[in-house]
Amino acid sequence: MLAFIWIVTLVGLALWTLATWGLHTLLTIDPKWLDDVQALARNVPFADTIEHWFPGWQELLEVLVDLAQTVLTWVGTNAPLVAWIVWGIGALVLLGTGGVLTLIVTLLRDDKPRLGST
């Protein structure tokens with residue numbers, strides 16, 4: 001049982017490491033791709049109908065895209081720090097869970113000699 005707990009914990013740690021590497025890769029993508037969203041927003045079909053229902057939606061979209069570029073630029077420059085913090089927290093949770101499960105199995109294990117057994 002203990003081997004199963006630690007194999008699952010180590011596989012989980014490997015998958016968590018892979019997911020964190022993917023997060024780092026996503027965070028370091030150049031946020032200039034959001035400029036394409038602004039170009040697409042200018043060419044939306046039925047923009048006048050949307051403007052009727054949501055006045056100022058294109059200006060709001062431009063502000064939100066600029067805000068998203070600013071945030072992604074900041075996060076992108078701090079991507080290694082963010083990725084290490086996320087990985088560390090997840091690794092501590094995984095290893096802590098493995099340790100607690102090991103403690104529970106060890107405490108509940110019945111290794112006492114039975115009466116009448118040799």
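Each value, and the rule that gives it
Residues numbered from 1 in each chain as written. Predicted model: local features only at pLDDT ≥ 70, side-chain atom pairs only at ≥ 80, totals over all residues. Heavy atoms only, no water. Helix = DSSP H or I, 4+ residues; strand = E, 2+ residues; numbered from the N terminus. Rg over C-alpha atoms; globule rule 2.2 N^0.38 Å. Phe/Tyr/Trp six-rings, centres within 6.5 Å; stacked < 30°, edge-to-face > 60°. Buried < 20%, exposed > 50% of the residue type's maximum accessible area, 1.4 Å probe, protein only. Axes fitted to C-alpha atoms, helices over the stretch in contact; angles between N-to-C directions. Parallel < 35°, antiparallel > 145°, perpendicular 65-115°, else oblique. Contact = heavy atoms within 4.5 Å. Nonpolar A, V, L, I, M, F, W, Y, C, P; charged D, E, K, R; others polar. Patch = residues over 30% accessible without salt bridge, like charges linked within 9 Å, V, L, I, M, F, W, Y side chains within 5 Å. Areas by Shrake-Rupley, 256 points an atom, 1.4 Å probe, with all protein chains shown as cover. Salt bridge = Lys/Arg side-chain N within 4 Å of Asp/Glu carboxyl O. Lys, Arg positive; Asp, Glu negative; His and termini not counted. Charge placed at Lys NZ, Arg CZ, Asp CG, Glu CD. Polar contact = N/O pair within 3.5 Å; in protein donor to acceptor, adjacent residues only side chain to side chain.

Draft legend 1. Expanded view of the overall build of the protein chain. Of regular secondary structure, the protein chain possesses five helices and zero strands. Scanning the protein chain from its N terminus toward the C terminus, one meets helices and strands in the order α-α-α-α-α. Over its C-alpha atoms the protein chain spans a radius of gyration of 26 Å, topping by over 25% the 13 Å that the globule rule assigns to 118 residues. Counting only C-alpha atoms and orienting by the principal axes, one finds that the protein chain spans roughly 90 × 30 × 15 Å.

Draft legend 2. Spatial organisation of the packing of aromatic side chains. Scanning the entire structure with this criterion turns up one aromatic pair. Centroid distance Trp84 to Trp87: 5.8 Å. Interplanar angle 85°. Geometry classified as edge-to-face. Taken together, the residues Trp84 and Trp87, both in helix H5 (residues 79–108) and three residues apart, mark about one turn of the helix. When its relative accessible area of 61% is taken as the criterion, Trp84 is described as exposed.

Draft legend 3. Just the packing of helix H2 (residues 35–42) against helix H4 (residues 57–77), in detail. Between H2 and H4, the least distance of the axes is 10 Å, while the angle of their chain directions is 175°. It follows that H2 is roughly antiparallel to H4 by the angle criterion. Together, Asp35, Val37, Gln38, Ala41 and Arg42 of H2 and Trp57, Gln58, Leu61, Glu62, Val65, Asp66 and Gln69 of H4 make up the contact between the two elements. Looking at the contact of H2 with H4, its residues break down into five nonpolar, three polar and four charged.

Draft legend 4. Inspection of a nonpolar patch on the surface at higher detail. Among the surface-exposed residues, Val100, Leu101, Leu103, Ile104, Leu107 and Leu108 lie close enough to one another that they form a single nonpolar patch of about 600 Å² accessible area. Mapped onto the fold, Leu107 is located in helix H5.

Draft legend 5. Fine view of a negative patch on the surface. On the surface, Asp30, Asp35, Asp36, Glu59, Glu62 and Asp66 cluster together into a negatively charged patch. Looking at the negative patch, the elements with two or more residues in it are H2 and H4. At three residues, the largest contribution of residues to the negative patch is made by H4.

Draft legend 6. Structural view of the packing of helix H1 (residues 2–27) against H5. At their nearest, the axes of H1 and H5 sit 9 Å apart, and the two run at 170° to each other. In terms of their interaxial angle, H1 and H5 are classed as roughly antiparallel. Counted by class, the contact of H1 with H5 contains 18 nonpolar, ten polar and no charged residues.

Draft legend 7. Highlighting the environment of Thr70. Structurally, the position occupied by Thr70 is in helix H4. Considering only alpha carbons, one finds Thr70 and Ala91, 21 residues apart in sequence, at a separation of 30 Å. At a separation of 3.0 Å, a polar atom in the side chain of Thr70 contacts the main-chain carbonyl oxygen of Asp66.

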